[in-house]
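Chain residues, written in single-letter form:
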Amino acid sequence: MQRKLMERVPNMLIIIVACTMILVMLPEASATRWTVGGNMGWNTNFNYTTWAKGKHFYKDDWLFFVYDRNQMNVLEVNKTNYESCNSDNPLHNWTTGAGRDVVPLNVTRNYYFISGKGFCYGGMKIAIHVQNLPPPPKASPIISEATTTTTTISSTTQIILLPIVFAIGATWDAFINLC
Ligand SMILES: *[C@@H]1O[C@H](CO)[C@@H](O)[C@H](O)[C@H]1NC(C)=O
Ligand SMILES: *[C@@H]1O[C@H](CO)[C@@H](O)[C@H](O)[C@H]1NC(C)=O
Ligand SMILES: *[C@@H]1O[C@H](CO)[C@@H](O)[C@H](O)[C@H]1NC(C)=O
Ligand SMILES: *[C@@H]1O[C@H](CO)[C@@H](O)[C@H](O)[C@H]1NC(C)=O
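Note that the coordinates shown come from a computational prediction; the quantities given were computed from them, not determined experimentally. (Residues numbered from 1 in each chain as written. Chains lettered and ligands numbered in written order. Predicted model: local features only at pLDDT ≥ 70, side-chain atom pairs only at ≥ 80, totals over all residues.)

Turning our attention to the overall build of the chain. Across its full length, the chain carries four helices and eight strands. The order of α-helices and β-strands along the chain, N terminus first, is α-β-α-β-β-β-α-β-β-β-β-α. Residue burial in the chain is summarised as follows: out of 179 residues, 16% are buried. A fraction of 71% describes how many contacts in the chain between residues 6 or more apart in sequence connect residues 24 or more apart. (Helix = DSSP H or I, 4+ residues; strand = E, 2+ residues; numbered from the N terminus. Buried ≥ 20, exposed ≤ 12 C-beta atoms within 10 Å, placed from the backbone. Contact = placed C-beta atoms within 7 Å.)

Here you go:
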């Protein structure tokens, strides 16, 4: 019976380690869906250069354009046509007709979007610089402090968990013996 118990402990440890790894990896896996212009949406009388300033757009984030489908549209153009507001021959027409268009930023590069129908001249244009998600920082003092805390919690958790693991094991054995 003692040997059976010992066989079960590694399995529990694997589960605990797997759960911890998933929790650690979660923030890295999350992508941001940016509503372009925030509450203003994709609109006139708004400076999108100012809006984008200081924001970090990472690969696999999305842009969400919300606008009046009867008036504006969402066209991806190159730098030249972004600057000149030329909506002829867009690189990509993201307009679906619903006034709600989602653009995946799945490549690390510069993206340029304008609204056609003359709205670009009024300022409906946005340039987005997409970068790779930075690797998780290791040397930063804040992180090392957090790691220390995690380590402390883990060893405490182990002290609390191990008797539980044994208890479950013992109950399981009792249960199996009953059958
Ligand atoms: C953008 O496309 C136009 C043609 O629509 C082309 O003349 C221009 O050179 C291109 N600019 C860049 C930066 O690729
Ligand atoms: C973009 O696509 C929409 C929906 O298919 C279409 O109605 C519109 O004419 C297109 N606009 C341009 C500039 O290609
Ligand atoms: C990025 O997304 C576009 C549109 O969904 C798709 O056509 C393209 O293949 C994707 N590129 C990569 C590198 O995943
Ligand atoms: C938006 O603001 C920037 C300064 O943050 C300015 O350089 C730019 O000309 C403005 N764009 C428009 C369309 O008004």
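A few words on the confidence of the model for the chain. Should the pLDDT be low somewhere, the predicted coordinates at that spot are not to be read in detail. Mean pLDDT over the chain works out to 78, with 61% of the residues at or above the 70 mark. Predicted confidence is poor over residues 143-169, with pLDDT under 50, and the contacts of this stretch with residues over four places away or in other chains come to eight contacts. In the model, residues 174-179 has pLDDT below 50 throughout and makes zero contacts with residues more than four positions away in sequence or in other chains. (pLDDT = per-residue confidence, 0-100.)

Before going further, it helps to spend a moment on the sheet that holds strand β7 (residues 110-114). Strand order in the open sheet made by the five strands is β2-β8-β7-β4-β5, with mixed pairing throughout. Each of the sheet's edge strands pairs with one partner strand only, and the pair in question is β2 (57-58) and β5 (92-93). One ladder, built from two bridges, connects β2 with strand β8 (residues 125-131); its direction is parallel. Within the sheet, the bridge partner assigned to F57 lies in β8 and is V130. (Pairing = 2+ DSSP bridges.)

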